[in-house]
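Residues per chain are reported as follows:
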There are 2 protein chains.
Amino acid sequence: MQNLKLTMEYDGTAYHGWQVQPGLPTIQGVFDETVKRISGDEVRVTGAGRTDAGVHAMGQVANFWTKKDLAPDAWRRALNGLLPSDIVVQRVEPAPEDFDARRSARHKTYRYTILNTPHPSALERHWVLHISDSLALAEMAEGAAYLIGEHDFSAFRAANDNLRNPVRRVYEARFGSEANHLHLVMTGSGFLKHMIRIIVGTLLDVGRGKLTPDDFQRILRSKDRQGAGRTAPPHGLCLMHVSY
Amino acid sequence: MQNLKLTMEYDGTAYHGWQVQPGLPTIQGVFDETVKRISGDEVRVTGAGRTDAGVHAMGQVANFWTKKDLAPDAWRRALNGLLPSDIVVQRVEPAPEDFDARRSARHKTYRYTILNTPHPSALERHWVLHISDSLALAEMAEGAAYLIGEHDFSAFRAANDNLRNPVRRVYEARFGSEANHLHLVMTGSGFLKHMIRIIVGTLLDVGRGKLTPDDFQRILRSKDRQGAGRTAPPHGLCLMHVSY
């Protein structure tokens, strides 16, 4: 038996997220079936981040165990030969016995992209949230900076995600712009369900002048989802990197 | 009757090119139907560039005549409200009576994008040509520079495009790289059928060391399609801008 670590990119547009769901196309489901076609093994690949429907990945990390005697790079070629073109395996590496893509992850980095132009983009429609309103970028950056550190992020989590400990450590929360694209890049020990999307929705309220950066900080401290903004749509979000 | 000039962006992935073809989805066909839904008029929109199947546009220009008494910006909103999300009208402007998007065009700028990485990209698979071979970029740039000026481009045109005058003037042929992306940006008075795609295929032979930059110049001067490379696939090509 060997434990294999994979780094992968995917376009989440056509999938109901990472996690297997009966009768629905998911990244994990397609991946497990592809491994089975190669090795005959019934596997359940473990992903570092359980991305929501429509969320993309440029650096998702996953692992699975196999009995098949095939070198890691031969696995990569075999997988890419059979996977649909919207899922690409970038690397396959042998992993230590105790490596688990989810439990071993130290940090994850996500990026949320907003296209701030008068008209939407046909070419980028699946990767960016289009916002035509004029946005106060300096205030959005000021709000984002309050996210850094260890906080109870209850204000920024999905209503149905109230079982887990809501404390997370955020190492990086960088809001920047490049031409018409605005990015929020967040690195953290982990993220609550919809956390980044609710943060983006609330920062958009700051950008539109409905909230001040101080209001944003107050909402974070309130631990109350009611004060925060709407959940931004999934398609602007991309899992960029996982550190171990 | 008013003559309207439109600037538009589209993702060509789902279409059989610009030009109407019976029974097949085309940009022109979808556009004409959408105008009809708004005004009741049977129109035939004229596009500056008749992009091939799979080719994209960030700055296609088109025009059509209408009896409908609707302001240009109301046309834009009505069109974007009804067009599919892979076609976006960026601007609608009143145009002089003698304006014809195709005949009045002075220059067109196209960009061809190559992703030069070991593995293909899931997210960019519809917009870039993926090449994993290592490429000699300086030699490709040197070859591209020979394209500037007025030439008989017979060496770089589709075999079935032999009726028109093959002389074209190229104002700009800039080959550059940005991280893993290579771009060929060409501005010209017009382009023969498949011209840029055959040029890209031939420059790739230069990049792989099969041809020298001098060979590339010799092929251009030969006016013989046989010496040139393969036609690069359409999906790396994008119509960027049309000048009038």
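Refer to the structure above for everything that follows.
Quantities reported herein were computed from a predicted structural model and do not represent experimental measurements. (Residues numbered from 1 in each chain as written. Chains lettered and ligands numbered in written order. Predicted model: local features only at pLDDT ≥ 70, side-chain atom pairs only at ≥ 80, totals over all residues.)

Visitor: Any chance you could explain the packing of helix H3 (residues 137-145) of chain A against helix H4 (residues 195-207) of chain A here in plain terms?
Guide: The relative placement of two packed helices comes down to the angle between their axes together with the axis-to-axis distance. Residue and element names in this part refer to chain A. Across the interface, H3 lies against H4 with an axial gap of 8 Å and an inter-helix angle of 140°. Judged by the inter-axis angle, H3 sits oblique to H4. Handedness of the crossing formed by H3 with H4: right-handed. Listed contacts from H4 to Glu 139, Met 140, Gly 143 and Ala 144 of H3 are Leu 203, Val 206 and Gly 207. Residues belonging to the contact of H3 with H4 are distributed by class as follows: four nonpolar, two polar and one charged. (Axes fitted to C-alpha atoms, helices over the stretch in contact; angles between N-to-C directions. Helix = DSSP H or I, 4+ residues; strand = E, 2+ residues; numbered from the N terminus. Parallel < 35°, antiparallel > 145°, perpendicular 65-115°, else oblique. Left-handed = near helix turned anticlockwise from the far one by under 90°. Contact = placed C-beta atoms within 7 Å. Nonpolar A, V, L, I, M, F, W, Y, C, P; charged D, E, K, R; others polar.)

Visitor: What am I meant to see in the relation of the copies chain A and chain B here?
Guide: For these two chain copies, the linking operation is a rotation about an axis paired with a shift along it. For the match of chain A to chain B, the screw axis carries a shift of 0.0 Å, the RMSD comes to 0.0 Å, and the turn is 180°. Such a combination of turn and shift is consistent with a two-fold rotation axis. Relative to the rotation axis, the closest C-alpha in chain A is found at Glu 124 of chain A, a distance of 5.0 Å. (Least-squares fit on C-alpha atoms with pLDDT ≥ 70 in both.)

Visitor: So what exactly am I meant to see when it comes to the interface of chain A and chain B here?
Guide: The figure often quoted for interface size is the accessible area lost as the parts come together. With 17 residues of chain A in contact, the opposing surface of chain B contributes 17 residues. In terms of residue count, the dominant contributor to the side of chain A that touches chain B is strand E4 (residues 87-95) of chain A (three residues).

Visitor: Sorry if this is basic, but what is going on with the packing of helix H1 (residues 27-39) of chain A against helix H2 (residues 72-82) of chain A here?
Guide: Residue and element names in this part refer to chain A. Between H1 and H2, whose axes approach to 10 Å, the crossing angle comes to 120°. Regarding H1 and H2, the two cross each other, and that crossing is right-handed. Across from Thr 34, Arg 37 and Ile 38 in H1, the residues of H2 making contact are Ala 78, Leu 79 and Leu 82. For the contact of H1 with H2, a count of residues per class yields four nonpolar, one polar and one charged.

Limitation: the analysis is restricted to geometry and does not speak to function.
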